[in-house]
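Examination of the molecular architecture
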Amino acid sequence: VRQHEQARHQAERQAQFDSLTGLYSRRHFTDIADACWSQSRRQKTALSVILLDIDHFRAVNDQHGNAAGDAALREAAALIKRICRHQDIAARWGGEEFILLLPGTHREEAQAMAEQLRKEIARRPVGDPATPVWLQVSVGVASRDRHFSLEELIHEADTWLQRAKQNGCNQVCSVDTVFSSPNPG
């Protein structure tokens, strides 16, 4: 019975985290984020979302192999962990996409954090030092203003992420600001 209980707890823990990046899984993120959303609405506090996608990720895998792609995902996740504050919630959202929920954070602060992430990721090569892989990311930022649900907030961040991609990648987009950089760093 004890072994069964331990196995169950281990399986629950593994379901909470993405095995490659160590960040929360999408499902666990949603569970935690729902509670944060409700608290933010009740207390009328700021709340922002950052949705980040590694640009041209398929090319990384095609040109450098899946090991380099995995290294890129791990490095991006490690950087996200370093930049996040203890109250922030970060998860692997899917494939090469990451999401951050920032309680108590206004749009301007979230934009600044997103720009910091964009610059830091572009500054660090990943993979084999003999054939380094330079990454760039596109980022969408949204804040809890007129949204009726967490899903709407995430959808808005995704809309801005898609705008960053359409505008040439390697930039942060939100409702009122577009940060862009012609160089990777």
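Residues numbered from 1 in each chain as written. Predicted model: local features only at pLDDT ≥ 70, side-chain atom pairs only at ≥ 80, totals over all residues. Heavy atoms only, no water.

A short note on the packing of helix α3 (residues 57-64) against helix α4 (residues 66-83)
- Look at α3 against α4: their axes get within 6 Å of each other, and the N-to-C directions meet at 140°. As the angle between them shows, α3 and α4 are arranged oblique. Together, F57, V60, N61 and H64 of α3 and N66, A68, G69, A72 and L73 of α4 make up the contact between the two elements.
- Residues that form the contact of α3 with α4 fall into these classes: 5 nonpolar, 4 polar and no charged. (Axes fitted to C-alpha atoms, helices over the stretch in contact; angles between N-to-C directions. Helix = DSSP H or I, 4+ residues; strand = E, 2+ residues; numbered from the N terminus. Parallel < 35°, antiparallel > 145°, perpendicular 65-115°, else oblique. Contact = heavy atoms within 4.5 Å. Nonpolar A, V, L, I, M, F, W, Y, C, P; charged D, E, K, R; others polar.)

As for helix α6 (residues 150-166)
- Over its 17 residues, α6 extends 24 Å from the first C-alpha to the last, a length consistent with the 24 Å expected when each residue adds 1.5 Å.
- Residues L150, L153, I154, E156, A157, W160, L161 and A164 constitute the buried set of α6. Along the long axis of α6, the arc covered by the buried residues comes to 155°, so they all point the same way. When the buried face of α6 is taken as reference, the exposed residues oriented beyond 90 degrees from it are E151, H155 and Q166.
- Structurally, α6 contributes buried residues whose contacts are with α2 (26-43), β1 (47-54), β2 (89-94), β3 (97-103), β4 (137-143) and β5 (171-173).
- Once α6 finishes, G168 follows within two positions and takes phi at roughly 115°, a positive value. (Expected span 1.5 Å × (residues − 1). Buried < 20%, exposed > 50% of the residue type's maximum accessible area, 1.4 Å probe, protein only. Arc of directions from axis to C-beta.)

A few points about the nonpolar core
- Of all hydrophobic cores here, the largest spans 31 residues; its most connected members are I50, I54, F98, L100, L135 and V139.
- Elements supplying a minimum of two residues to this core: β1, α3, α4, β3, α5 (107-123) and β4.
- Ranked by the residues each element gives to this core, the list is headed by α4, at 8 residues.
- In this structure, L135 is in contact with I54, V60, A72, I121, A122 and V126, ignoring residues within four places of it in sequence.
- Ranked by size, the runner-up nonpolar core spans 18 residues in total, among them W37, L47, A142 and A157. (Core = buried A, V, L, I, M, F, W, Y, C linked by side-chain atoms within 4.5 Å.)

Considering the side chain of T21
- Tracing the chain through its elements places T21 in the loop between α1 (2-16) and α2.
- Note on T21: relative accessible area 6%, which makes it buried.
- Side-chain polar atoms of T21 contact the side chain of D18, separated by 2.7 Å.
- At 3.2 Å, the side chain of T21 and the backbone nitrogen of L23 are in polar contact.
- When sequence neighbours within four positions are dropped, the list of residues in contact with T21 reads L73, A77, K81, R92 and F98. (Polar contact = N/O pair within 3.5 Å; in protein donor to acceptor, adjacent residues only side chain to side chain.)

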